[in-house]
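Below are the chains, spelled out letter by letter.
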Amino acid sequence: MNKTCSLRRLCNLHEHLMKQHRVIRYESNTSNDLNSFVLYDKFICERRSQSKCSVLVQVSSENSCSDLHSYCSKFGSIKNIFHYQLAGSNHFVLTEFEDQSSVNSLLDQSTHIKDSNVIAVRSPFLWFRSNASKKNSKLSIVDNKFNFPFQANQTMIEPNIKDIELNQLDSLSNQMLLLLKRTQLNDIGTRLRFLTAMQIENALKGIFPLSRVLPFGSSVNSFGKIGSDIDLVIMDSQTTENETSRLIYHGKCVSNGRTQTQRNIEILGDLLQLFLPGCSRVKRITQARVPIVKYSQDFVGVECDLAVSNETAVNMSELLYIFGNFDYRVRPLVFTVKMWAKEINLTNDTPGRWITNFSLTLLVLFYLQQEKIIPDIQTLVKQARNNDVRITNEGINCTFLRDASKLPRVVENKKTLDQLLLGFFEYFASFDFNTNAISLNFGKTINKPEYSALYIVNPLEVHFNVSKNISSEEVERFRIELRNAAWTIDSSLMNTNSFNLLDLFKGFDVNKKSQIVFEIQHQIKNSNRLVTVKDLFDDDSQPQEDTRLNKQLK
Ligand code: GTP
Ligand code: MG
């Protein structure tokens, strides 16, 4: 396939549609994305303060909202109130007060139902009992008569991809932006994630007053979807040692750090299972590289992973957050690639020998570094200021420029999203995974330091490979799907001059002759030798095991 040709076709198509005035233009924020950049620490701090001023109340239906509002107003001024319903038809109202003292007095006034089997717990999760003596004022949301800032249009349920009206939009770029808009983590989702963290923090406060529980991963790195899991970590607040104090707390001396972490996970698992409301299906995963407690927070309707200490992952979230906010094209491209991988089963919710969302995100970022749309990490490290220096307790250097708006832009890349999507597929379809490792630190490939089917240098711990788990079969499947995706976009544009994103999510069809021909062309282009159909599904360098694709072919 001729890369310049396909890009030209996309440009022509774009122009053609713009002329017809049929295109809804979402791409308003195409320059100066960093002018409104909010520092990660500020974002985290604001969301934490918001969660300290909030309570989540289960109600019998949305008709109770008005009643709940007037009841809660007794404790202080209400800033925001959100209603949502989970799949199990439970209704919840998230109420944010102007002041944390209002939450404290509300909790002081709330009561426990007497039950000898339950130890009373104070938490921001409550339920609202109906007032038998007073008839419920049936003010509905549709009446729009609330005199408070009521937010009812945000969902906690991830939309089905087929329900997003992607085919209403002709331009692939706009479809990508719509996909982002409809599936990205919304305000209420973010609030509930921070409240989920605050529940654990409050529960530990008595014995560990310096501990903070922070969300990390896609909940905060700007790449989160409505249904993504919540990754949480318990960390000590950064306190500077008071060298003038002569009184020092006694501490427990621990000889084996990993054993201690595993025991902490056991204890936390018990705490969540026995005492904390809404926490169910608690599993203690103590043998993992990073031991975690997995549980489900039923009031929020999401799965959670709680780690005891993973400071590097928090810094990694900040690094990804900076890239996600660097340019308006980064997030829609990452979302589309992640959705593509999910729909064609390249990724899977359970961990295994397949590619993860985290690795995929890094691949997209690496491609955008090739396009000079985002900088390499070394540049961020070189530009770091004194207050950017961070060394974790484990001694890992996580120093890089935090305020990305201070970074001068050198190259202007004006490529549109559709061009970048096709570019991503083409770039990795012909990528030599056998010899090359991907380094976002240098923004270029380096020789693989050791054998792994896919090698992505961990940006913060450069001696590790973040995609070590991926088998050679899965890399081969990934490569075939990349070629197929490039072929699907390219052939569709050639034939119809338009493209529906949903067509991308169908995956490789081994029965399609034209796709096989395309595969052969690709192989010939890359290897300069005669290729048989069998070659298409064999890796030159490694003996192939029984792949899923081979099974399908047989
Ligand atoms: P989704 O949950 O799939 O939306 O994405 P996520 O980025 O949150 O991924 P995940 O929940 O699997 O992991 C949470 C965070 O842990 C990631 O954002 C990374 O910072 C970190 N992480 C995940 N996998 C790895 C890995 O293989 N190596 C390292 N070093 N960190 C990882
Ligand atoms: Mg996650």
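Note that the structure is predicted; figures quoted are calculated from it, not measured.

Caption draft 1: Spotlight on the overall build of the chain. Across its full length, the chain holds 17 helices and 12 strands. The burial tally for the chain puts 52% of its 554 residues in the buried class. Pairs at least 24 apart in sequence give 68% of the contacts found in the chain among residues at least 6 apart. Surface accessibility of the chain: about 28,200 Å² in total, with carbon and sulfur atoms responsible for 50%.

Caption draft 2: Structural context of the sheet that holds strand S10 (residues 302-307). With mixed pairing, five strands are arranged side by side in an open sheet as S6-S7-S10-S9-S8. The open sheet terminates on both sides in strands that have one partner only, identified here as strand S6 (211-216) and strand S8 (279-285). Within this sheet the neighbouring strands show an average axis-to-axis angle of 25°, counted without direction. Of the pairings in the sheet, the one linking S6 to strand S7 (residues 230-236) comprises six bridges and is antiparallel in character. Within S7, the position partnered with Val 213 by the bridge is Ile 234. Across the sheet, helix H7 (residues 257-275) is in contact with S7, S8, strand S9 (292-297) and S10; its angle to S8 comes to roughly 170°.

Caption draft 3: View of the nonpolar core. Trp 340, Leu 421, Phe 425, Phe 428 and Leu 504 are the most contacted members of the largest nonpolar core, which has 91 residues in total. If sequence neighbours within four positions are ignored, Phe 425 has contacts with Trp 340, Leu 482, Ala 485, Ala 486, Ile 489 and Leu 504.

Caption draft 4: The site of ligand 1, seen in detail. In the region of ligand 1, 13 residues are neighbours, and Ser 218, Asp 229, Asp 231, Asn 357 and Asn 458 sit closest. Val 466 places a polar main-chain atom, nitrogen or oxygen, 3.2 Å from an oxygen atom of ligand 1. Computed on the free molecule, ligand 1 has an accessible area of 600 Å², of which 75% lies beneath the protein chains in the complex. Looking at the shell around ligand 1 residue by residue, the classes come out as four nonpolar, six polar and three charged.

Caption draft 5: Fine view of the packing of aromatic side chains. For the coordinates displayed, the defined rule picks out 23 aromatic pairs. Ring geometry for Phe 424 versus Phe 425: centroids 5.6 Å apart, planes at 65°, classification edge-to-face. Just as Phe 424 is buried, Phe 425 falls in that class too. The ring of Phe 400 is capped by Arg 402, whose NZ or CZ atom sits 3.8 Å from the centre of that ring.

Caption draft 6: Just the packing of helix H8 (residues 311-324) against helix H10 (residues 357-370), in detail. Contact geometry of H8 with H10 gives a least axis separation of 12 Å together with a crossing angle of 45°. Accordingly, the angle class assigned to the pair H8 and H10 is oblique. As for the relative orientation of H8 and H10, their crossing is left-handed in sense. On the side of H8, the interface is formed by Met 316, Leu 320 and Phe 323, while H10 contributes Phe 358, Thr 361, Leu 362, Leu 365 and Gln 369. Here the contact of H8 with H10 is composed, by residue class, of six nonpolar, two polar and no charged.

Caption draft 7: Spotlight on unusual backbone geometry. Located in the positive-phi region is Arg 281, a residue other than glycine, with phi close to 45°. Classification of Arg 281 as exposed rests on a relative accessible area of 59%.

Caption draft 8: The arrangement of the pattern of salt bridges in detail. A complete count under the given rule lists 23 salt bridges for this structure. When the shortest N-O distance is used, the salt bridge between Glu 96 and Lys 79 registers 3.9 Å. With a gap of 17 residues between them, Glu 96 in strand S3 (residues 91-97) and Lys 79 in strand S2 (residues 78-85) connect regions that are remote in the sequence. Classification of Lys 79 as partly exposed rests on a relative accessible area of 39%. The shortest N-O distance in the salt bridge between Arg 191 and Asp 187 comes to 3.1 Å.

Caption draft 9: Fine view of the packing of helix H2 (residues 40-52) against helix H6 (residues 187-204). Two elements in contact, H2 and H6, have axes whose closest approach is 9 Å; the angle formed by their N-to-C orientations is 70°. Considered as vectors, H2 and H6 are oriented roughly perpendicular to each other. In contact with Ile 44, Arg 47, Arg 48, Gln 50, Ser 51 and Lys 52 of H2, H6 contributes Asp 187, Thr 190, Arg 191, Phe 194, Leu 195, Met 198 and Glu 201. Residues that form the contact of H2 with H6 fall into these classes: four nonpolar, three polar and six charged.

Caption draft 10: Fine view of a nonpolar patch on the surface. A grouping of Ile 119, Leu 274 and Phe 275 is seen on the molecular surface, where their side chains present a nonpolar patch of about 310 Å² in accessible area. Mapped onto the elements of the fold, Ile 119 is located in the loop between helix H4 (100-109) and strand S4 (125-127). The exposure class assigned to Ile 119 is exposed, which follows from its relative accessible area of 56%.

Caption draft 11: How the structure looks around the pairing of strand S11 (residues 436-439). Burial along S11 is two-sided: the residues Asn 436 and Ile 438 and Ala 437 and Ser 439 are all buried. The pairing of S11 with strand S12 (residues 444-447) spans four bridges and is antiparallel. When the sheet's bridge partners are listed, Asn 436 is paired in S12 with Asn 447. A loop of four residues connects S11 with S12, the two strands running antiparallel in sequence, and Gly 443 in this loop sits at a positive phi of about 70°.

Caption draft 12: Representation of the side chain of Thr 347 in the model. Residue placement: Thr 347 occurs in the loop between helix H9 (330-343) and H10. Accessibility expressed as a relative area gives 12% for Thr 347, which makes it buried. A distance of 3.4 Å separates the side chain of Thr 347 from the backbone nitrogen of Lys 342, its partner in a polar contact. Apart from residues lying up to four places away in sequence, Thr 347 is in contact with Ala 341, Lys 342, Ile 355, Thr 356, Asn 357 and Leu 360.

Cut-offs and rules
Residues numbered from 1 in each chain as written. Chains lettered and ligands numbered in written order. Predicted model: local features only at pLDDT ≥ 70, side-chain atom pairs only at ≥ 80, totals over all residues. Heavy atoms only, no water. Helix = DSSP H or I, 4+ residues; strand = E, 2+ residues; numbered from the N terminus. Buried < 20%, exposed > 50% of the residue type's maximum accessible area, 1.4 Å probe, protein only. Contact = heavy atoms within 4.5 Å. Areas by Shrake-Rupley, 256 points an atom, 1.4 Å probe, with all protein chains shown as cover. Pairing = 2+ DSSP bridges. Axes fitted to C-alpha atoms, helices over the stretch in contact; angles between N-to-C directions. Core = buried A, V, L, I, M, F, W, Y, C linked by side-chain atoms within 4.5 Å. Near = heavy atom within 4 Å. Polar contact = N/O pair within 3.5 Å; in protein donor to acceptor, adjacent residues only side chain to side chain. Nonpolar A, V, L, I, M, F, W, Y, C, P; charged D, E, K, R; others polar. Phe/Tyr/Trp six-rings, centres within 6.5 Å; stacked < 30°, edge-to-face > 60°. Lys NZ or Arg CZ within 6 Å of the ring centre and 35° of its normal. Parallel < 35°, antiparallel > 145°, perpendicular 65-115°, else oblique. Left-handed = near helix turned anticlockwise from the far one by under 90°. Salt bridge = Lys/Arg side-chain N within 4 Å of Asp/Glu carboxyl O. Patch = residues over 30% accessible without salt bridge, like charges linked within 9 Å, V, L, I, M, F, W, Y side chains within 5 Å.

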